[in-house]
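Structural features, examined
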Amino acid sequence: MVVGVGAGLGAALARRFAQGYRVALVARSADVVGSLADEVRAAGGVALPIQSDATIAADVTAAHDRIRSELGPVDILVYNGGRRPFGTLVDTTPEVFESTWRVHVFGAFLWAHATVPDMIRRGRGAVLITGATAGVKPGASSAAFGPAKFAVRGLAPVLSRDLHPQGIHVAYVNVDGAIDMPVVRQFLPHLTDEDLLKPAAIADAFWYLAHQDRSAWSHELDVRPFKEKF
């Protein structure tokens, strides 16, 4: 299942995993998951669109119950939920700070809390979390986004140390750079193809993590354009 399905990376993750799995597509927008589910089905896959808010515990419980009922226990949880507000300390309201934290960290906690018990019972599964540069090296305009990404990056090793010995692979993917999608092209028109991460290529990295041999698991993986400075 992919939580946080949008027009960019979320859609690419859904398309990639639909090549080998029945996929649950979860987002706050019914339109996005509905059209993507139609695309997956047209290609011969199985997709269940779910409208749900990752920051509301009751929504997560209801969505998980429906997925479990219609598709079965979750094998792979990809948590891609998030928002990216720009602002320094004085430009960031308490409401924006809290809501950013909730969608990045609290949502990841809620979805892991819902799906992991079935994985523990089966002794297998994967939890993959989308990260960002701000979770490693935040800038001044990331007063809300940086702390949220640091927090979800902190959640990942907690889950890893707990769940790896139980057969459940947890990994954090640091997406270090701008993703090639229309909104990025609009606001950063000076960037070329070589400056941007292709959503499908990032999705391949998630697929790789989900299928690593357990004798050589990665806990954290960086993906960035070849010319990106770091």
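Anyway, here's the lowdown on the structure attached to this text. Note that this is a predicted model, so its numbers are computed, not measured.

Here Gln212 lies in the loop between α7 (199-210) and β7 (220-223). In this view, Gln212 contacts His169, Trp217 and Ser218; residues no more than four positions away in its chain are not counted.

Along the chain, the position of Gly131 falls in strand β5 (residues 125-132). Sequence separation between Gly131 and Ile168 is 37 residues, and the spatial gap between their C-alpha atoms is 19 Å. With residues up to four places along the chain from it excluded, the contact list for Gly131 reads Lys149, Tyr172, Val173, Asn174 and Val175.

Attention now moves to the pattern of salt bridges. Here the structure, examined in full by the defined rule, presents 14 salt bridges. Between Glu70 and Arg66 there is a salt bridge, and its shortest N-O distance comes to 2.9 Å. Placement of both Glu70 and Arg66 in helix α3 (residues 57-70) is noted, with a separation of 4 residues, approximately one turn of the helix. Judged by relative accessible area, which is 45%, Glu70 ranks as partly exposed. Asp195 is the partner of Lys227 in a salt bridge, and the nearest nitrogen-oxygen pair spans 3.4 Å. Taken together, the positions of Lys227 in the segment after β7 and Asp195 in the loop between α6 (182-187) and α7 put the pair 32 residues apart, joining distant regions of the chain. For Lys227, a relative accessible area of 43% puts it in the partly exposed group. Asp195 gets classed as buried once you look at its relative accessible area, which sits at 17%. When salt bridges with common partners are traced through the structure, they connect Arg68, Asp118 and Arg121 into a single cluster.

Before going further, it helps to spend a moment on the nonpolar core. By size, the foremost hydrophobic cluster in this structure holds 33 residues, and its most contacted members are Leu13, Phe17, Leu25, Val78, Leu128, Ile202 and Phe206. Going through the elements one at a time, α1 (9-17), β2 (23-27), α2 (30-42), β4 (76-79), β5, β6 (168-175) and α7 are the ones with two or more residues in this core. Among residues more than four places away in sequence, those in contact with Leu13 are Val2, Val78, Asn80, Ala203 and Phe206.

When you line up the elements, Asp176 lands in the loop between β6 and α6. There is a polar contact of 2.7 Å between the side chain of Asp176 and the side chain of Arg224. With sequence-adjacent residues up to four places away left out, Asp176 is seen in contact with Thr133, Leu197, Val223, Arg224, Pro225, Glu228 and Phe230.

Here we come to α7. Think of an α-helix as 3.6 residues a turn; residues three or four steps apart then line up on the same face. Taking 1.5 Å per residue, 12 residues should reach 16 Å; α7 reaches 17 Å between its end C-alpha atoms and fits that length. Turning to α7, its buried residues number three or more, namely Pro199, Ile202, Ala203, Ala205, Phe206, Leu209 and Ala210. Taken around the axis of α7, the buried residues stretch over an arc of 150°, which confines them to a single face. Against α1, β4, β5, β6 and β7 lie the buried residues of α7.

On to the packing of α1 against α7, then. Across the interface, α1 lies against α7 with an axial gap of 8 Å and an inter-helix angle of 50°. On the basis of the axis angle, α1 is oblique to α7. Of the two elements, α1 crosses α7, and the hand of that crossing is right-handed. For the pair formed by α1 and α7, the contact residues are Leu9, Ala12, Leu13, Arg16 and Phe17 on the first element and Pro199, Ala200, Ile202, Ala203, Asp204, Phe206, Trp207 and Ala210 on the second. Its residues placed into classes, the contact of α1 with α7 shows 11 nonpolar, no polar and 2 charged.

Evaluated as defined, the whole model comprises 5 aromatic pairs. Centroid distance Phe17 to Tyr21: 6.2 Å. Interplanar angle 45°. Geometry classified as tilted. We classify Phe17 as buried; its relative accessible area is 4%. Consider the rings of Trp101 and Phe106, whose centres lie 6.0 Å apart with planes at 10°: the pair is stacked. The partly exposed category is assigned to Trp101, whose relative accessible area is 35%. For Phe106, a relative accessible area of 21% gives the class partly exposed. Within the aromatic cluster, the residues linked to one another by ring pairs are Phe17, Tyr21 and Trp207. Its guanidinium or amino end placed over the ring of Trp207, Arg16 lies 4.2 Å from that ring's centre, counting from NZ or CZ. Geometry around Phe86 places Arg84 over its ring, the cationic atom sitting 3.8 Å from the centre.

About the cut-offs
Residues numbered from 1 in each chain as written. Predicted model: local features only at pLDDT ≥ 70, side-chain atom pairs only at ≥ 80, totals over all residues. Heavy atoms only, no water. Helix = DSSP H or I, 4+ residues; strand = E, 2+ residues; numbered from the N terminus. Contact = heavy atoms within 4.5 Å. Salt bridge = Lys/Arg side-chain N within 4 Å of Asp/Glu carboxyl O. Buried < 20%, exposed > 50% of the residue type's maximum accessible area, 1.4 Å probe, protein only. Core = buried A, V, L, I, M, F, W, Y, C linked by side-chain atoms within 4.5 Å. Polar contact = N/O pair within 3.5 Å; in protein donor to acceptor, adjacent residues only side chain to side chain. Expected span 1.5 Å × (residues − 1). Arc of directions from axis to C-beta. Axes fitted to C-alpha atoms, helices over the stretch in contact; angles between N-to-C directions. Parallel < 35°, antiparallel > 145°, perpendicular 65-115°, else oblique. Left-handed = near helix turned anticlockwise from the far one by under 90°. Nonpolar A, V, L, I, M, F, W, Y, C, P; charged D, E, K, R; others polar. Phe/Tyr/Trp six-rings, centres within 6.5 Å; stacked < 30°, edge-to-face > 60°. Lys NZ or Arg CZ within 6 Å of the ring centre and 35° of its normal.

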